[in-house]
Amino acid sequence: MSPSLSRRAWLQGAVGFVALRAVPACAQIKAPSFVARAIPTPGAKPYLITPGPDGAIWFAESGTGKIGRLDLGTGTVTEFDIPTPGSQTTGVAGGRDGNLYFSENAVSKIGRITPKGVITEFPLPTASATPNGIMLGPDDSIWCIEANVAKLAALDMRGRFEEMPLTGLSPGTKPLSLAFRGNVPWFSEPEIDKVGRLIDGKVEELTLPAGSQPRAMFTHPNGDIWFAATSAAFMGRIDRNNAVKNFMLPDAKAAPRSLAVTPDGKIWFTEDVTQKMG
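Residues numbered from 1 in each chain as written. Predicted model: local features only at pLDDT ≥ 70, side-chain atom pairs only at ≥ 80, totals over all residues. Heavy atoms only, no water.

So, the side chain of Asp156
Then step 1. With respect to the helices, strands and loops of the structure, Asp156 is situated in the loop between strand E14 (151-155) and strand E15 (161-165).
Then step 2. Engagement of the side chain of Asp156 in a polar contact is seen with the backbone nitrogen of Arg158, the distance being 2.9 Å.
Then step 3. At 2.9 Å, the side chain of Asp156 and the backbone nitrogen of Arg160 are in polar contact. (Helix = DSSP H or I, 4+ residues; strand = E, 2+ residues; numbered from the N terminus. Polar contact = N/O pair within 3.5 Å; in protein donor to acceptor, adjacent residues only side chain to side chain.)

Below, the structure written as structure tokens:
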């Protein structure tokens, strides 16, 4: 089965959330309308965002150690304190059990929050693992990258971890984002301009143009893996034959960061520097 993908395009702002309400399906695209919702706690620094099983939008507050929930009906933002101080949570993803899971980068834990706001934390087996790239895997476990120790970790629904070493990973890299093609995990390596995959217990890497800095990744329903090359201003596609094709953006300063696919198969992405979405 494929990991669940967001069916709605959203943007994150420094002072709140900006929701893209409608994009007309016509030849001449009109300017979209936006609605901003402020986050109650100053310095929240909202990072990753995901739709929840309750129909709300959930997000990680990397600056305040909270998980936020935006009610789309009322516009109300509710915040939930993470028990461990200084957790520096960055990623959040929906689980098959109807709960949300988040990575606690600074304290090497994975957290679970129910739609009612009850939080449980699970310490990773390896200290100083710095979890990144959290997502639902094809086995219904919650997967993350342990960037500091070159491992992948999977948390099953019973709260048990399994860690897998990234044997053969290039020295000096800290994998960032995670995506699955079938049962094979792929990951981005922004420091060394590569993307890698773990197959048969060993890492295989594809080299990208110098200065690419691949970051966010996801798997398209057709099986292609897409990634955002932040420094080189292109969107990259890895087809089923592992051939890489780059699609340059009009603005060389765009700095693409996040990307997603809509039900019609189109790729949407955010441009960090130019403050646009394409």
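Some thoughts on the sheet that holds strand E7 (residues 77-81)
Then step 1. Strand order in the open sheet formed by four strands is E4-E5-E6-E7, and the pairing between neighbours is antiparallel. This sheet does not close on itself; its edge strands, each paired only once, are strand E4 (46-51) and E7. Averaged over all adjacent pairs, the angle separating strand axes in this sheet is 25°, with direction ignored.
Then step 2. Of the strand pairs in this sheet, strand E6 (residues 66-70) and E7 are connected by five bridges, and their pairing is antiparallel. Of the residues in E7, the one forming a bridge with Ile67 is Phe80. (Pairing = 2+ DSSP bridges. Axes fitted to C-alpha atoms, helices over the stretch in contact; angles between N-to-C directions.)

What to know about the packing of aromatic side chains
Then step 1. Scanning all chains against the criterion turns up four aromatic pairs.
Then step 2. Taking the centre distance of 5.8 Å and the plane angle of 15° together, the rings of Trp58 and Phe80 count as stacked. Taken as a pair, Trp58 in strand E5 (residues 57-61) and Phe80 in strand E7 lie far apart in primary sequence, 22 residues in all.
Then step 3. Judged by relative accessible area, which is 0%, Trp58 ranks as buried.
Then step 4. For the ring pair Trp143 and Phe180, a centre distance of 5.0 Å and an interplane angle of 80° mean the geometry is edge-to-face. Linking Trp143 in strand E13 (residues 142-146) with Phe180 in strand E16 (residues 178-181), this pair joins segments that are 37 residues apart in sequence. We note that Trp143, like Phe180, is buried. (Phe/Tyr/Trp six-rings, centres within 6.5 Å; stacked < 30°, edge-to-face > 60°. Buried < 20%, exposed > 50% of the residue type's maximum accessible area, 1.4 Å probe, protein only.)

What about the nonpolar core?
Then step 1. Trp143, Leu152, Leu166 and Leu178 are the most contacted members of the largest nonpolar core, which totals 13 residues.
Then step 2. Elements with a contribution of two residues or more to this core: E13, E14 and E16.
Then step 3. Those residues in contact with Leu178, other than ones at most four positions away along the chain, are Gly133, Met135, Trp143, Cys144, Ile145, Leu152, Pro185, Trp186 and Met217.
Then step 4. Judged by nonpolar contacts, the second largest core, of twelve residues, contains Ala93, Ile110, Leu124 and Leu136. (Core = buried A, V, L, I, M, F, W, Y, C linked by side-chain atoms within 4.5 Å. Contact = heavy atoms within 4.5 Å.)

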